[in-house]
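Single-letter residue listing:
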Amino acid sequence: MSGGDERPTVAGEVIELDRLISMANQIGDFFAPYPPERAREGLRNHLRTYWDPRMRSALLAHIDAGGEGLDESVIEAARLLRESAAEKSGYYGPPQA
């Protein structure tokens, strides 16, 4: 990283917890106007698709420790993320007719 790079710093394995909480809540705020089920799914999908696995793990660990600072919508979506982790991952091929 160059000295002028404004991306969040990575400490150890993951981004700083305060920054992670802030980012998760910002995503939750984005989906807040949607109907509850769609908001949870949109947030879960965003975390699954765009967050590094280490970030997702840190978020889930923080939730397991009480989730202090996280909006309830983020906690609910992260729980969906954990439930869907058991699903088959990877490429499913083209849509079936």
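The structure presented is a predicted model; accordingly, all values stated were derived computationally and were not measured.

S.K.: If you had to explain the nonpolar core to someone new, which residues and values would you point to?
M.R.: Core analysis: the largest hydrophobic core is formed by 22 residues, its most contacted members being L20, L43, L47, W51, L59 and L70. The set of elements that each furnish at least two residues to this core consists of α1 (17–31), α2 (36–50), α3 (53–64) and α4 (72–84). Here this core takes 6 residues from α1, the largest share from any one element. Residues contacting L47, with those up to four places away along its chain left out, are I27, R56, L59 and L81.

S.K.: Explain the side chain of N25 to me, using residue names and the numbers behind them.
M.R.: Residue position: N25 is located in helix α1. Ignoring any residue separated from it by four or fewer positions in sequence, one finds N25 in contact with G69, L70, D71 and V74.

The rules behind these values
Residues numbered from 1 in each chain as written. Predicted model: local features only at pLDDT ≥ 70, side-chain atom pairs only at ≥ 80, totals over all residues. Heavy atoms only, no water. Core = buried A, V, L, I, M, F, W, Y, C linked by side-chain atoms within 4.5 Å. Buried < 20%, exposed > 50% of the residue type's maximum accessible area, 1.4 Å probe, protein only. Helix = DSSP H or I, 4+ residues; strand = E, 2+ residues; numbered from the N terminus. Contact = heavy atoms within 4.5 Å.

What is shown is where atoms sit, not what they do.
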